[in-house]
Amino acid sequence: MFIKRIHPDTLSRAIENIGSEKQGQKIMNKKGEVIIFEIKNLPLSAMMILKQEALSVGGDLATPKDGILAKKSHYDGVLIATKSQLERIVSKCKIQPFGLKELADQVASHLKIAPQSLDFPQIMAIVNITPDSFFSGSRCDGKRAIERIYQLMEKGVGFIDIGAASSKPGSDLIDFREEKQRLNDVANEIYTQNLFKKALFSIDTYNPQTADFALAKGFGVVNDISGYHHSDMAKITAQYNATAVLMHSKGTPKVMQKLTDYADLFGEIDNFFEQKIQWLQSFGIKNIILDIGFGFAKNQEQNLALIKHLKHFLHFGRPILVGASRKNTIGLLTQRDTQDRLAGTLALHFFALQNGANILRVHDEDEHLDILKIYEALEAVK
């Protein structure tokens, strides 16, 4: 007899390999996936009931040491249970008072995760038609941008993000006329050569007029770093039946790094996504990709927390995009300048993939295509 310890992610494959019955596989998979929730400001009565319900199914609720004294009206807690146990906890809490029904609904949303259909994981390659992007190696004029697009397509990159306005911290917004002028040759090449039939092109802009111009030229995605601040942007996206990249940020690039104070970082981003998804859907937009906004109105600690706990946002059932490529947080951690941050970028992006990222927005496609191959190979290991 020999025992091999295996990675939790390979549980379903291991059960399948031993020939378990299909329904049995589903049951066992739920028993093998432990999920942990931090719960803030839980009413005392709800905490006592939830503790008992969790214990009754084999899970637990970690509570503060003074919780037993019941001196406060609210406490924080940590709920620890398998997926199977959580389903039973949800069922029981749905008929309980003291806010437990609402808590059960929130937990339930994390148990049914099915991102919109796209081929995952994948990279979104960056083409910057700008003279001032923070990474000088990504800057292109129109001619060089066209060359780069063809190079990307030859490499098999099927998702290309094109921008003509820098959104680096401290940058000024630019007029849409200047932006369109920079884009003109590239957009015409995409349209006249039918490149949009061979790859998915995203326009990285905060100007609705620019988005309209690009979508009319065959672009299929609007990547708006303002978080769809303008209703015109939503109307235009819907008009072309395009996909929306909904990114969380605050303020404009000029001032955003002064706006990193959050009472509850994950709660605020959650509320932002929930409200904006409903708002975008009201215009008729169906396909929505969520971007946590790494580096936008967030400091180093906040950026890392978002990557560490990225799976939290899977409960929206939408593809998650992460764009940390060569950004300042990597520079602070490695003490390297922008041009020397590739290794740090690859490490952070690989971790993001493991934590639920579906799309990586990248400057360096060759190296990222390599880590996708490594990631997919590891995922396939039995």
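Numbering of residues begins from 1 in every chain and follows the order in which that chain's sequence is written. Totals for whole chains, interfaces and linings use every residue, but because this is a predicted model, local features are given only for residues with pLDDT of at least 70 and side-chain atom pairs only at 80 or more, for both listing and counting. The basis for every side-chain value is the complete set of non-hydrogen atoms in the structure, without hydrogens or water.

Some remarks on the pairing of strand β9 (residues 288–291)
Three exposure classes are used, based on accessible area relative to the maximum for each residue type with a 1.4 Å probe and protein chains only: buried under 20%, partly exposed in between, and exposed over 50%. Secondary structure elements are defined from DSSP: runs of H or I of at least 4 residues count as helices, runs of E of at least 2 residues count as strands, and each element is numbered from the N terminus. Every second residue of β9 is oriented toward a common face, with I288 and L290 on one face and I289 and D291 on the other, all of them buried. Bridging between strand β8 (residues 243–247) and β9 involves four bridges; their strand directions are parallel. Bridge pairing in β9 links L246 to L290. Note on handedness: a clockwise path from strand one over the helix to strand two, with the strands aimed away from the viewer, defines a right-handed crossover. This β-α-β element, β8 to helix α10 (residues 265–282) to β9, shows right-handed connectivity. Pairing of β9 with strand β10 (residues 320–322), which is carried by two bridges, proceeds in the parallel orientation. Bridging from a neighbouring strand, D291 pairs with L321 of β10. Strand pairing requires that DSSP identify at least two bridges connecting the strands.

What to know about a nonpolar patch on the surface
Together, V34, I36 and I80 make up an exposed nonpolar region whose accessible area comes to about 270 Å². Take I80: it is sitting in strand β3 (residues 74–82). Exposure above 30% relative accessible area and no salt bridge define the residues that can form patches, which grow by joining like charges within 9 Å and nonpolar side chains of Val, Leu, Ile, Met, Phe, Trp and Tyr within 5 Å. Each accessible area is a Shrake-Rupley result for a 1.4 Å probe, and residues are judged covered by the shown protein chains and nothing else. The term salt bridge refers to a side-chain nitrogen of Lys or Arg lying within 4 Å of a carboxyl oxygen of Asp or Glu.

Considerations on the layout of surface pockets
Here the second largest pocket defines a volume of roughly 560 Å³. Looking at the second largest pocket, it is lined by 35 residues, and the ones nearest its centre are F134, K168, P169, F296 and K327. Tallying contributions element by element places helix α12 (residues 328–334) first for the lining of the second largest pocket, with three residues. For each structure, a 1 Å grid was placed over the protein atoms alone; sets of points admitting a 1.4 Å probe that cannot get out are labelled cavities, open sets with protein on both sides within 12 Å along at least five of seven lines are labelled pockets, and lining residues have an atom within 4 Å of a point. Grid points are joined across faces, edges and corners, and a volume is the space filled by probe spheres set on the points.

With respect to the side chain of N207
One can find N207 in the loop between β6 (200–204) and α8 (208–216). Apart from residues no more than four positions distant in its own chain, N207 is found in contact with I174, D175, F176, E179 and M233. By definition in these notes, contact holds between two residues if any of their heavy atoms fall within 4.5 Å.

Some words on empty space enclosed by the protein
Empty space among the atoms becomes apparent when a probe as large as a water molecule is rolled across them. With the rule as written, the count across this model stands at one cavity of 30 Å³ or more. For the largest cavity, the calculated volume is near 30 Å³. Taken together, A165, S167, E179, D204, T205, Y206 and I225 make up the lining of the largest cavity. Here the residues of the lining of the largest cavity are counted per class, giving three nonpolar, two polar and two charged. In this count, Pro and Cys sit with the nonpolar residues alongside Ala, Val, Leu, Ile, Met, Phe, Trp and Tyr, while Asp, Glu, Lys and Arg are called charged and the others, Gly among them, polar.

Structural notes on the packing of helix α11 (residues 300–308) against helix α13 (residues 342–354)
Here, axes are lines fitted to C-alpha atoms. For helices the fit covers the stretch in contact, and angles between N-to-C directions go from 0 to 180 degrees. Interhelical geometry of α11 versus α13 gives an angle of 40 degrees and a closest axis separation of 9 Å. By the criterion of interaxial angle, the relationship of α11 to α13 is oblique. Contact with α11, carried on its side by L304, I307 and K308, involves L348, F351 and A352 of α13 and no other residues of that element. Reported orientations rely on four angle classes, namely roughly parallel under 35 degrees, roughly antiparallel over 145, roughly perpendicular from 65 to 115, and oblique for the rest.

Examining the side chain of Q85
Note on placement: Q85 falls in helix α4 (residues 83–93). Among the residues examined, Q85 registers a relative accessible area of 15% and is labelled buried. Distance and chemistry together define a polar contact, namely a pair of N or O atoms within 3.5 Å, with one atom able to donate a hydrogen and the other to accept it when in protein, and with adjacent residues in sequence counting only for side-chain atoms on both sides. Looking at Q85, its side chain comes within polar contact range of the main-chain oxygen of V57, at 3.4 Å. In this structure Q85 touches V57, G58 and G59, once residues within four positions along its chain are discounted.

Considering the environment of K22
Of note, K22 is situated in helix α2 (residues 22–32). A C-alpha to C-alpha distance of 51 Å links K22 and F134, two positions 112 residues apart in sequence.

Quick look at the pattern of salt bridges
Counted under the stated rule, the structure contains 13 salt bridges. With a closest N to O distance of 3.6 Å, K92 and E53 form a salt bridge. Remark: E53 occurs in helix α3 (residues 44–56) and K92 occurs in helix α4; sequence separation between them is 39 residues. Residue classification places K92 among the partly exposed residues on the basis of a relative accessible area of 31%. With a relative accessible area of 14%, E53 lands in the buried category. The partner of K155 in a salt bridge is D366, with the nearest N and O atoms 3.1 Å apart. Remark: D366 occurs in helix α14 (residues 365–379) and K155 occurs in the loop between α6 (142–154) and β5 (159–163); sequence separation between them is 211 residues. What makes D366 partly exposed here is its relative accessible area of 38%. A cluster of three or more residues bridged by salt bridges with shared partners is formed by R148, K155, E365 and D366.

Concerning the sheet that holds strand β1 (residues 34–43)
On the basis of which strands lie adjacent, the open sheet formed by three strands has the order β1-β3-β2 and antiparallel pairing. The open sheet has two edge strands, β1 and β2 (60–62), and neither has a second partner. Going from strand to strand, the sheet's axes swing by 25 degrees on average, the running direction of each strand aside. Pairing between β2 and β3: three bridges, direction antiparallel.

Side note on the nonpolar core
One finds I149, I160, I162, F201, F313 and V322 to be the most contacted residues of the largest nonpolar core, which totals 78 residues. Considering every element that reaches this core, the biggest residue donor is α10, with seven residues. What F201 contacts, discounting residues up to four positions off in sequence, is I149, M153, I160, I162, I190, L195, F196, F219, G220 and V221. In this structure, Y75, A81, V107 and A108 belong to the second largest nonpolar core, which totals 24 residues. Joining through side-chain atoms within 4.5 Å is the link that ties buried Ala, Val, Leu, Ile, Met, Phe, Trp, Tyr and Cys residues into a set, and such a set is a nonpolar core.

Concerning α6
Each residue after the first adds 1.5 Å to the expected span of a helix. With 13 residues, α6 ought to run about 18 Å at 1.5 Å a step, and its terminal C-alpha atoms sit 19 Å apart, in line with that. All of the buried residues in α6 are G142, A145, I146, R148, I149, L152 and M153. Buried residues along α6 cover an arc of 160 degrees about the axis, so they all sit on one side. When the buried face of α6 is taken as reference, the exposed residues oriented beyond 90 degrees from it are K143 and E154. Buried residues along α6 sit in contact with β4 (122–128), β5, α7 (176–192), β6 and α14. Directly beyond the C-terminal end of α6, a positive phi value near 90 degrees is found at G156. By construction, the arc corresponds to the directions joining the helix axis to the C-beta atoms.

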